[in-house]
Amino acid sequence: MKESQPTKIFLIRHGQSEWNGTKRISGQLDPPLSKKGMKQARTLEKAIRSEKLSAIYASTLQRSIETARPTAEHHRISIQKKEAFMEIHLGILQGRFRDQRDPEAQRLWIARSADRLTYRIPGGETFSELEQRVAPCVNEILQKEAGGVVLIVGHRNTNRAILGVLMRWLPDSVVGLKLSGKYLYEITLGDDPSIKTISLDENIKYDGFKV
């Protein structure tokens, strides 16, 4: 790595898990990737195959690790697992359905959706608390990997917080971002950080940020 070069971060949400799309809340529970999710992981590997990655980071949850694995195997880089990058803890909602099958869970989910920044699900954490555990980990990686090219595979809420640190965006501007696993974000750091969006479905790179 050459510290004179700008650090480049590739950031993506994990592929589809077996619970995604069923309206079942994962939080810090650990469902595996679905068949579609495994395909998305292979698509990610192809999208950055030509990049000279210096490090790969994932959360300790298997859907994040499984998404990173094809890329790690191709580049022969170990996956560094970070507990700080686990999804937000959603307390008593974890494992429950957020629709009419569970009226209490549905009510709590709607209440959280109205105040994503400070609302706390009983037994869970707020987005502000999530940021407090994510930010030091991001800064540690930036110091360690200065001048390198890094892949981070996180989760929807975790990635919101990571983007906030990397792009210097305020919490109230990132907490509602609708981040999708179909987009890979390429962030080039420096005095004025820049971001590009890569559509894994269409193999198109866009200047700027898309959700």
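Residues numbered from 1 in each chain as written. Predicted model: local features only at pLDDT ≥ 70, side-chain atom pairs only at ≥ 80, totals over all residues. Heavy atoms only, no water.

### Overview of the side chain of glutamate 45
Logical step 1: Structurally, glutamate 45 can be placed in helix 1 (residues 35-47).
Logical step 2: Glutamate 45 has contacts with Pro70, Thr71 and His74, leaving out every residue within four places of it along the chain. (Helix = DSSP H or I, 4+ residues; strand = E, 2+ residues; numbered from the N terminus. Contact = heavy atoms within 4.5 Å.)

### Some words on the packing of aromatic side chains
Logical step 1: Evaluated as defined, the whole model comprises 3 aromatic pairs.
Logical step 2: A ring pair is formed by tyrosine 183 and tyrosine 185, whose centres lie 6.4 Å apart and whose planes are at 55 degrees; its orientation type is tilted.
Logical step 3: The ring of tyrosine 206 is capped by lysine 210, whose NZ or CZ atom sits 4.7 Å from the centre of that ring. (Phe/Tyr/Trp six-rings, centres within 6.5 Å; stacked < 30°, edge-to-face > 60°. Lys NZ or Arg CZ within 6 Å of the ring centre and 35° of its normal.)

### Things to note about the nonpolar core
Logical step 1: Among the nonpolar cores identified, the biggest contains 36 residues, and Phe85, Leu93, Ile152, Ile162, Leu163 and Ile187 are the most heavily contacted of them.
Logical step 2: No other element matches the 6 residues that helix 4 (residues 127-144) contributes to this core. (Core = buried A, V, L, I, M, F, W, Y, C linked by side-chain atoms within 4.5 Å. Buried < 20%, exposed > 50% of the residue type's maximum accessible area, 1.4 Å probe, protein only.)

### Observations concerning the sheet that holds strand 1 (residues 8-13)
What holds strands together in a sheet is hydrogen bonding between their backbones, with the strands either parallel or antiparallel.
Logical step 1: In spatial order, the strands read 3-2-4-1-5-6-7; together these 7 strands make up an open sheet with mixed pairing. Strands at the two margins of the open sheet, each flanked by one partner only, are strand 3 (79-81) and strand 7 (204-207). Strand-to-strand twist in this sheet, taken as the mean axis angle between neighbours without regard to direction, amounts to 25 degrees.
Logical step 2: Set on the sheet, helix 5 (residues 156-167) makes contact with strand 1, strand 4 (149-154), strand 5 (183-188) and strand 6 (194-199); between it and strand 1 the angle comes to about 160 degrees. (Pairing = 2+ DSSP bridges. Axes fitted to C-alpha atoms, helices over the stretch in contact; angles between N-to-C directions.)

### Comments concerning unusual backbone geometry
Logical step 1: Its identity is not glycine, yet arginine 76 carries a phi of approximately 55 degrees, on the positive side.
Logical step 2: Along the polypeptide, arginine 76 turns up in the loop between helix 2 (62-75) and strand 3.
Logical step 3: For arginine 168, which is not glycine, the phi dihedral falls at a positive 60 degrees.
Logical step 4: Along the chain, arginine 168 falls in the loop between helix 5 and helix 6 (171-174).

### Topic: the pattern of salt bridges
Logical step 1: Evaluation of the coordinates by the stated rule reveals 10 salt bridges.
Logical step 2: Among the ionic pairs, lysine 8 bridges to glutamate 186, the shortest N-O distance being 3.7 Å. Linking lysine 8 in strand 1 with glutamate 186 in strand 5, this pair joins segments that are 178 residues apart in sequence. An identical accessibility class is assigned to lysine 8 and glutamate 186; each is buried.
Logical step 3: A residue is classified by how much of its surface remains accessible, and glutamate 186, at 6% relative accessible area, is buried.
Logical step 4: Among the ionic contacts, a cluster of salt bridges with common partners joins Lys8, Glu51, Glu186 and Lys205. (Salt bridge = Lys/Arg side-chain N within 4 Å of Asp/Glu carboxyl O.)

### Quick notes on empty space enclosed by the protein
Logical step 1: Scanning the model with the defined rule gives 1 cavity of 30 Å³ or more in all.
Logical step 2: When its volume is computed, the largest cavity comes out at roughly 30 Å³.
Logical step 3: Every residue along the wall of the largest cavity is listed here: Leu11, Ile12, Arg13, Asn159, Leu179, Ser180, Tyr183 and Tyr185.
Logical step 4: Residue composition of the lining of the largest cavity, by class: 5 nonpolar, 2 polar and 1 charged. (1 Å grid on protein atoms, 1.4 Å probe; cavity = no way out; pocket = protein on both sides within 12 Å on 5 of 7 lines; lining within 4 Å. Points joined across faces, edges and corners; volume = space filled by probe spheres on them. Nonpolar A, V, L, I, M, F, W, Y, C, P; charged D, E, K, R; others polar.)

### With respect to the pairing of strand 5
Logical step 1: Summarising burial for strand 5: 5 of the 6 residues are buried, a large majority.
Logical step 2: Of the pairings in the sheet, the one linking strand 1 to strand 5 comprises 4 bridges and is antiparallel in character. Bridge assignment links isoleucine 9 to a residue of strand 5, and that residue is isoleucine 187.
Logical step 3: Bridge count between strand 5 and strand 6: 6 bridges; the pairing is antiparallel. Following the sheet pairing, tyrosine 185 is matched in strand 6 by threonine 197.
Logical step 4: Connecting strand 5 to the antiparallel partner strand 6 that follows it, the hairpin turn spans 5 residues, and glycine 190 within it adopts a positive phi of roughly 160 degrees.

### Section: the layout of surface pockets
Leftover empty space is mapped by rolling, across the atoms, a probe with the size of a water molecule.
Logical step 1: The volume enclosed by the largest pocket comes to roughly 900 Å³.
Logical step 2: Arg13, Asn20, Gly21, Arg156 and Leu179 are the residues nearest the centre of the largest pocket, which is lined by 37 residues in total.
Logical step 3: Broken down by secondary-structure element, the contributors of at least two residues to the lining of the largest pocket are helix 1, helix 3 (103-114) and helix 5.
Logical step 4: Of the residues forming the lining of the largest pocket, the biggest block, 4 residues, is contributed by helix 1.
Logical step 5: When its residues are assigned to classes, the lining of the largest pocket shows 7 nonpolar, 15 polar and 15 charged.
Logical step 6: Approximately 160 Å³ is the volume found for the second largest pocket.
Logical step 7: What lines the second largest pocket is a set of 10 residues, among which Gln5, Lys52, Gly147, Gly148 and Val149 lie closest to the centre.
Logical step 8: A per-class count over the lining of the second largest pocket returns 3 nonpolar, 4 polar and 3 charged.

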